[in-house]
Structures are given as structure tokens and as C-alpha cells.
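An overview of the molecular structure
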Amino acid sequence: MSTPTKPPRQPRQKQYKDESSSGFLVTVIKTLEFSETAEERQNEKLKIEKEFKKADNRLNELVSKHDKELTKVLPLFSQVSGQITSSRDKIHTTKANLVACKQLLQCRRDELKKLWCDAVQQKYVLEYLETINELRKVPVKVLAFSSKRQYLHATKVLTDAISTAENKLLSVEGLSDLRSDMQVRKDQLYTRLHEELSKQLYRNSTAEIMKTFQRQNSSRLNGSNSNFQRNFARRSTDRAEANAKVRKALIEMSQGFDLKTSEAVEDADLIDPDLSMTYFISIIVECFAMMKKVPESIDEIKCKIQSELLEIVQITTAQMISLNISSLDKEKHPVLCLLEIIFKQFRVVAQTHALLLKNYLIVLQKYSISTNMYDLGDFWQQAQQVLQLVLKDYLDIEHTQQDEIDQGAFNDSAPSLAFYFSRRKIQPKKNLFKFDKCSTSPTDYSSGHRRNPSNASMDEVLDGPGGSGRFKSKKKQEKTLVCEPDQAIITKIYLRLLAFIQEIESYSKCKGQPCSLQEFIANFIKESFLSKGHNRNLQMTIESLSKNQDAWRSITNPEEMKSLNLVRPLLQSTVLVERRITETKTLIQDLPNYSEDLLKMVCALLKTYRETCQAAYRGIVQPDSEDKRIYSVAWLKDEDISRFLKTLPNWTDLKFSRAKQNNRGKLQRSHYEPSEEESPTQVQQRNIREAEMLTSNLGEGGISQQEILSDITILKELAILQESMEWFSSRISEFANDLRRPMNGLNTNGNSEYLPVTIQDGTIKVLTNLALEFDELANTCLLVLHLEVRVQCFHYLRTKPKPRGNSFMDKGDSSEPDTQVLKLTKVLQEMDDAFSTTLHPRKTRYIFEGLAHLASRILIQASNYMEDIDQVNIQRMCRNSLALQQTLSSITASREVALDQAKNFYELLCMEPDEILTSIVERGSQFTEMQYLNALQLSSKSRGITDSMSISAYHQKLSDILGSKPAPGIIV
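Residues numbered from 1 in each chain as written. Predicted model: local features only at pLDDT ≥ 70, side-chain atom pairs only at ≥ 80, totals over all residues. Heavy atoms only, no water.

On to the overall build of the chain, then. Of regular secondary structure, the chain possesses 36 helices and 2 strands. Taking contacts inside the chain between residues at least 6 apart in sequence as the whole, the part at least 24 apart equals 77%. A total of about 55600 Å² of accessible surface is found on the chain, and carbon and sulfur atoms cover 52% of it. (Helix = DSSP H or I, 4+ residues; strand = E, 2+ residues; numbered from the N terminus. Contact = heavy atoms within 4.5 Å. Areas by Shrake-Rupley, 256 points an atom, 1.4 Å probe, with all protein chains shown as cover.)

The structure is reproduced here in C-alpha cells:
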């Protein structure tokens, strides 16, 4: 039996045809439905029947053609259908069995699920109990880790415990007390971390600076240092191992914190300070991040900067007082030493803050925390506030302000200017009511309402809410300072403060704006120290000099002269003004930035004093009224005479030696450099010129008593004024020359190098001109004295002719000089005594030098007033000449040969006219032609020769001898 074959697959076209046939059927139905007449429907019907017959015939043909295949297929189909029915029954049976099994398994699963749930519940209960047990051990662990200063472990344990209690065990109501306790311990650990951080930032970082200072300034630490060295040697191995672990831990912490390696050191005291500070700061900042308190910690650190820096100042002050720094270092001011140490400490603290900020930035980036960070500019701002508080205490600003308030309150009732400027002791305030029993004292109320911390003192800030409170005891009653408060301290510390200010500005990056500390110092110097201190003293000096008319009469005492290295006394007013200038010079060196302001005040003082000195000079030379004429002053006002005197070699030599001495600053101030001496001939010619000039300018009427300065006290005052003005002029010139040299000015990098600070040329020129004006006044005084001595010679030696009994050559004791000559010698001696104690010997020599030539000339000219000549008159004139010669020789310490000429002249009168002419031929000419003519006239008259022809013959012979023509007239 052949196997049946699968019928061939119908082609796709048939399917399409069948499908089209179905579509055709639908079309027929629609056509029948929409046919309007029966005829149309009949036609359609016939068409369909025809097609049906075609299909039926086609089917019969196919069946007959495939009869064999159909016969084989039908039995096979029956067999397959039976097998399918059997298999379906078996499937129904298996399905029923599976349903029964499922029902049995469902019952078993419920039992197993109940048992599993019970087991899981027991597991979680045990875990909770273990967790609760661990939570109960957390406080002990935190305490143990904290005691070892393993803060990272302590923070990790505590934060994990709090997280567990607040998340996993939140529903356990019995743990509420434990949660509260752990929160308290978290706050305590946070406080402990802040204390440790403050210790690292402010105490440990600055400890080495103070130890170095103590080792340099005290020998009391030698024992402890040796113990430290022995202890260091014993533990060197442990220290090296601990430092190696810390370095390794720091490297690993920079990559990421690992509790197994981050805190591997058991004893933190073995770590070097620098490593310890870096180590603990990084760990503490990480602890803050783990506690989620980074913003709070940053705010707290920023708020405590000022109080912590003030505590550093207080600790340093106490240590300096204990070391008695003022006796150890006498070159530096205690406040300057304190500030230098504080500056070093602040720099180290700033570096530590920079390290802290670096760790904070790492933590912020690691934990994606957003908060407002502070920077080093904020730190230096707080440091400036601290320095302002320190300076307020040492510069005594509060007491100064209180003094000003008291002075302003009692200004109207002050009885005098001296009372107004006198220092008065501040009386303690007496309260009307006492507040001993009240809860809040008035001081607490006032301090609680202080708004600006820069106006508070150091103790007020330390005792305030943000202060540490370590120095509260007895600080409000008594401040701890290394020295007494004084405004003058600013001069000792200003340059060092400028260096630190420049350093602060470089750190804080001020864009052309001065920092607050610089503004504070500038305001203090301008508003308080200068305007109400130094400038006030200058103004008081100006007022006292302008109002006190007798200021030029008071001279220095021996103690002051010794302190000033002076030989002769000066005016106290001059010394006072010079001291003010010296103070200003020192202030300019100490406060170079305020040199222009200081110099303006000095120039105003000098101008006022110049007017005072000029008024004093006028008061001396013109005491009563302008109508009274002093002959020497009148002569000096004559430009010709003044110019002539200043061109003489003795004057130029005097000024040259003084100028040379002024240029050599190391010479003694009262010493004059010797100069080249004139030859005797030059001295004689100069003195003759001066005598002729003065004689020619003398009027015919002579000089009366009212036209001379007869009071020796006045001349002494004039001499003191001259010496004072010359000394003062040299001091001003020296001051101006010092200003031309560069002064100390700080470099911008704040180190010990200095840049020059120059003064404006205009100010120096004003000072130089003032010095010249004082020097000119001194020259005027000296020239007046020079002329006054000569005027008095004219006054006493050249008087008008009087009756014979009262004439210059009156008859009296023939063995004594004339009365007028005795008066003159007495006056000259008194002048010498006055000048020797008030003027330099060189000036005294200038005053009296050449006086003998003038006296000789006056004595010779006295012969013009003689009616006749005899032996008695000749002897009297010789004694007059000898008396003057002895007096001047004792004054000038040299034999005044010029007066020998007067003696020789009167001895010449004893000769016959012919003998006079013979002596000229034999000895040469000793006198002028006019003097010889006068001698011949007197000699002829005394011998009774009155014939004009004879006298003319003598004159002709004299002219022939002298080689000159006869004079047109003879002056007798």
C-alpha cells in the first residue's frame, strides 16, 4: 500500500479568486438589494445560476479525476481523528491530577511561610537587641576615643549611633532617653572639637614664638630646658615612629579618610607641633563634616577670632610682665616688644587659618556642601580690630577723651590760660544711687548696649558674650599692661605699625583703600596726638612768647647750660623754641608721613618767635619812644656804614669761621675755627679805614648822654640776644640740612628695609630763610655792640669846648687822667666784664679790636679844640693815652701800639717848629699832613710866632718834605 501524499498547495491565485468570489457574492447581494425592477433581479438570478452550473460541473470533473486519492485519504483521516481523541482524554486526566497536587502544595506553603516569618522576626529582634546594646556602649566608646584624642573614631561612632537611633530604631519609643543623651554628647563632642581646634589655631601655633622669646630674655627656664632635652632623648625613637605614622596618615587622608589608618597614633604628644597641628586640623574638619555642622563651625570660628586674638594678647602681656621685659631689653620700648611678638603670633595664626580653610574647601567639595566661607581678609580685619583695642589702652585714648570733655565743661569757668591747660586728676564718679542688690548693674547695661566693638576695650571684649571669660577676674577694675598708658608711645611704634599695616594690606588685597587700622592710627595722630598734643604745645609756646613781654630777659641756668653743652647763657625762650623744634625733628623721624604738617606748625612758631625777637631788639635799642635816637643804631641803619663794616676783613673772617664751624657738625657749638691772621700792616690799615669812616660820619655837635646805651645791663641783654639768635640760627640751619637727607620710610614689602622719605623743597626753603633772618638779627646785634663801643668813645673823648675851668682838659691833679677818660675806661671795663660772660671771645675781640686806633685818632683830633698848648696839657694828654692803652691792653690781651701814636703826637708839640720838620726828615712821616699842620700851628702859637709869613714858610717846608702841595686851608 502506497503512502498517501500531501495534496499540492493551492496557488495564491485561487485564494485571491476565492476571496474575489466572496467579494463577488457581496456584490451580487448589493445588486439584488438595490435593483429597482424585477426584471433586473431576474437577470441577475439567471446569471448566477449559470455560474453555479459551471462550478458544479468543474467539481464533478475534479472528483472523478482524483477518486483514488480521496479513497486513501478518508481512512487515514478517520485513524488520525481517533488518536487525537485518545490523547485529549489523557491530557484531561493529567490536568486533574495536577490540580489536586497544587491544592496539596498550597496547604504546605502556608505552613512554611508562617515558620519563615517567625524566623525572620526573631532575626531582626536579635539584631535590634545587639544594636541597642552597641548604642548603650557608645557613650563609653566616645569618651575613650576622646580621651585619646582620636576624634575621628569618636565622631564616626557617635554619628553612626545617632543615625541608627533616628532611622532604624526610630519606632522604638524606649530609646528616646538614649537619643537625647547621644545628642547631648554630640554637642559636647562638637564643643570639644572646637576647643581643640582653637587650641591648635591660637595656642599651639604660637607656643614656639613665646618659648623662643622666653629663652632669649630669661635664664629661669634653663632647668626645664635640660629636663626637656633628656626627656626628648629618651623618647626619640617613639617620637620618630609616631611622626612617620602621621606623615603616612596625612598622605592617605589627602586621598580619602580611612579609620584604620587615619588615627593610627595612640599618643598625640609624641607628634611634632607642626605635624600635630596639620594632623588634628584635618581630622577635626572631617569630624565637622561627619556631624553635618560645617556651616555652624565656620560661623563659630569666624565669631571667635577677635576674642581668641585678644586672649593671645592677654597671655603674652602676662608673660612679658612676669619676665619684666622693661628691665631686660632697655633699647626697645615694652609696647614695641609686645607688638612685635603679637605680629609674629598673628602671622602664624593666619597661616594656620589658611591651612584650616584649605581643609574646609576639601570637605565642602567632598560632601557637596554649600555655605559661605570666610577668608584671610576677614581674619586680618578682626586682627586689626584687636590691635585697635590694644592701642586704645596703651595710647590712653579713653582718658584723653574724658580730659577733653572735662576741659570743655569747665572752659568758661577757668580763671586763666594756665589753669585751662594744666593736667587735672580724674576724679572718680560718685553714683547717686547704689545698685548692689539689683540683678543687672549699670555697667552691665552699658556694656550690653555697646554697638561698635571697636569702641570697647580689651577686657570688655573678653568679658562679653563672645569672649572666653578666662580673664574676667578683676579685669574691669585694673587692666594688665606692660607699661603706663601714654600717647607718646605712638612715636616708638609707628614705623613698625606701618610695616605691619602694609603687610596686612598685601594679605587682604586692599584695592587702593587704606585698611581700618591705618585709618585708626591716622585719625589718632591727626585728631589727638598732634592737634591736641604736640600742636597744642606749639600753640601754647607761640601764645606765651607773643603775650609775655619779658620772655627775652630770662636766661638759662647753669644746669640747663650744662645739659645743652653751652658755655654762655642763652635766652630761655630761645631754648624753649629750640626744644620744640628738636621735639618736632624727632617726631618727623618717628612719624615721617606727617612731616609736612609738623613743619607747617614749626614755621608758624618760628615766624612768631622771629617777630618776638625783633620786638625785643627794638625794645632794647629804642626803649622809650621813636623820637629818642641811639647813635649806634642810627649808624647801623645807614646802608653805607653797614655795608662798609660787613666788607671789612675782621667781619668777613668772623663770619667765615662761624660758617666753617657750622658745616662741621662734630665740632663743639661754642668753638670758632681759627682763620688766617692778617698782617699787622693789614690790621692797621683796616682799623685806620674804619676810624676815618666813623669820624667822617660824626656830626659837629658831638654825642649826648641820651644818644648812647649807658646801661650795661641793656648791653648785656643785647649780647645775650645776639648769642641766642646766632645759636638758634645754626640750630635751624642744621634742622633744615637734616631734612634734606632722606629719612626713614618703610618699604612696601613690610621688611626691615627702608625707602627714603623726602621733604618738599619749599618747606626747607622757608626754614632756611627763617634761619637767615635770625642770623641777620644776630649780626645786627653784634654790629650795634661794635658801634656802641665806638660811639661811647666819641661820647667821652670828643666833647664840645667848654670854659677853661670845665673843659676836657680841666686843671686838676696833674698826675691823674681826665675825668672823662676815667669814665670811659670804667665803662670799657664793665663792657668787657659783661661781654666776657655773654659773648664768645672771638666776638668780644671783634668788638674791641681797632678801638685803640679810633681812640688815638680822637685824642689827636682833640688838639683841634686847644687854644694854646703847654707842658701840663701835653702831660695830661699823654696820661689819657696811657690810661686808655692800659685798659684796652687788658681787654684785648695785646699791647695797643696805636695809642702810642697819640702820645707821640703830643710829645711832638713840645718841639720847636724846625725840630718838628727835622724829625720828619730823620724819622719819616708818622702822621698825616693835616695833623702835622695842626702841630706846627700849636707849636708856633705856644712860642709866640704869629707871623703869617713864618707860618706859611713852615707849611711850605712841610709840603716839600711830604712831597705834596700846600693844602688850601688848615683845619685846627
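That was the structure; now back to the text.
Right, let's get into the confidence of the model for the chain. Taken residue by residue, the chain gives an average pLDDT of 77. The fraction at 70 or more is 74%. In this model, residues 665-671 is a region of pLDDT below 50 whose contacts with residues beyond four sequence positions or in other chains number 15 contacts. Scored below 50 in pLDDT, residues 746-754 shows 20 contacts in the model against residues more than four places distant or in partner chains. (pLDDT = per-residue confidence, 0-100.)

A word on helix H13 (residues 376-394). Helix length check: H13, at 19 residues, gives a terminal C-alpha distance of 27 Å against a target of 27 Å (1.5 Å per residue), a fit within 8%. Counting buried positions along H13 gives 14 out of 19 residues, so the element sits mostly inside the fold. Following H13 by one or two positions, aspartate 396 adopts a phi angle in the positive range, close to 55°. (Expected span 1.5 Å × (residues − 1). Buried < 20%, exposed > 50% of the residue type's maximum accessible area, 1.4 Å probe, protein only.)

What is expected of a backbone is that most residues other than glycine have negative phi and most peptide bonds are trans. At lysine 292, a position not held by glycine, the phi torsion is positive, near 60°. Relative to the assigned elements, lysine 292 resides in the loop between helix H9 (273-291) and helix H10 (294-323). The phi dihedral of serine 368 is positive, around 55°, even though this residue is not glycine. Among the residues examined, serine 368 registers a relative accessible area of 67% and is labelled exposed.

Let us look at the packing of aromatic side chains. In this structure the tally under the stated criterion is 18 aromatic pairs. Here phenylalanine 927 and tyrosine 932 contribute two aromatic rings whose centre-to-centre distance is 5.6 Å and whose plane-to-plane angle is 80°, an arrangement assigned as edge-to-face. The same class applies to phenylalanine 927 as to tyrosine 932, namely buried. By the ring-pair criterion, three or more aromatic residues cluster together here, those being Phe343, Phe379, Trp380 and Phe500. The ring of tyrosine 190 is capped by lysine 293, whose NZ or CZ atom sits 5.2 Å from the centre of that ring. (Phe/Tyr/Trp six-rings, centres within 6.5 Å; stacked < 30°, edge-to-face > 60°. Lys NZ or Arg CZ within 6 Å of the ring centre and 35° of its normal.)

Moving on to the environment of cysteine 483. Turning to its location among the elements, cysteine 483 is positioned in the loop between helix H17 (458-463) and helix H18 (489-508). Separated by 148 residues in sequence, cysteine 483 and valine 335 have C-alpha atoms that sit 7.3 Å apart.

What follows is about the environment of glutamine 901. Of note, glutamine 901 is situated in helix H33 (residues 898-908). The partly exposed category is assigned to glutamine 901, whose relative accessible area is 30%. Distance from glutamine 901 to histidine 853, taken between C-alpha atoms, is 8.9 Å for residues 48 residues apart in sequence. With residues up to four places along the chain from it excluded, the contact list for glutamine 901 reads Ser856, Ile860, Gln926 and Phe927.

At a minimum axis distance of 9 Å, the contact between H13 and helix H19 (residues 516-547) shows a crossing angle of 25°. With respect to their mutual orientation, H13 and H19 come out roughly parallel. Of H19, the residues touching H13 (which contributes Gln381, Gln384, Gln385, Leu387, Gln388, Leu391 and Lys392) are Ser516, Leu517, Phe520 and Ile521. For the contact of H13 with H19, a count of residues per class yields 5 nonpolar, 5 polar and 1 charged. (Axes fitted to C-alpha atoms, helices over the stretch in contact; angles between N-to-C directions. Parallel < 35°, antiparallel > 145°, perpendicular 65-115°, else oblique. Nonpolar A, V, L, I, M, F, W, Y, C, P; charged D, E, K, R; others polar.)

One way to put it is that helix H34 (residues 913-923) packs onto helix H36 (residues 948-962) with a least axis distance of 10 Å and a crossing angle of 5°. As judged from the angle between their axes, H34 and H36 are roughly parallel. Along the contact surface, H34 presents Pro913, Asp914, Leu917, Ile920 and Val921, while H36 presents Tyr954, Lys957, Leu958, Ile961 and Leu962.

Moving on, we get to the pattern of salt bridges. The tally for this structure, following the rule as stated, stands at 29 salt bridges. Between arginine 790 and glutamate 690 there is a salt bridge, and its shortest N-O distance comes to 3.1 Å. In this pair, arginine 790 is assigned in helix H28 (residues 761-797) and glutamate 690 in helix H26 (residues 680-697), connecting sequence segments 100 residues apart. We classify arginine 790 as buried; its relative accessible area is 1%. (Salt bridge = Lys/Arg side-chain N within 4 Å of Asp/Glu carboxyl O.)

Leu309, Phe346, Ile521, Leu606, Tyr617 and Phe835 are the most contacted members of the largest nonpolar core, which has 220 residues in total. In terms of residue count, the dominant contributor to this core is H28 (19 residues). When neighbours within four sequence positions are excluded, leucine 606 is seen to be in contact with Val577, Ile581, Phe728, Ile732, Leu767, Leu770 and Phe774. (Core = buried A, V, L, I, M, F, W, Y, C linked by side-chain atoms within 4.5 Å.)

On the surface, a cluster of nonpolar side chains totalling about 250 Å² of accessible area is made up of Leu59, Val63 and Leu70. Topologically, leucine 59 is positioned in helix H2 (residues 38-65). (Patch = residues over 30% accessible without salt bridge, like charges linked within 9 Å, V, L, I, M, F, W, Y side chains within 5 Å.)

Here the focus is the environment of glutamine 614. Looking at the secondary structure, you find glutamine 614 in helix H22 (residues 595-621). Taking the relative accessible area as the measure of exposure, glutamine 614 reaches 30% and is therefore partly exposed. Put simply, glutamine 614 and glutamate 773 are 159 residues apart on the chain and 9.9 Å apart in space, counted from C-alpha to C-alpha.

Among the secondary structure elements, histidine 853 is positioned in helix H31 (residues 851-861). For histidine 853, a relative accessible area of 16% puts it in the buried group. Setting aside anything within four residues of it in sequence, one finds histidine 853 in contact with Gln684, Asn687, Ile688, Ala691 and Ala898.

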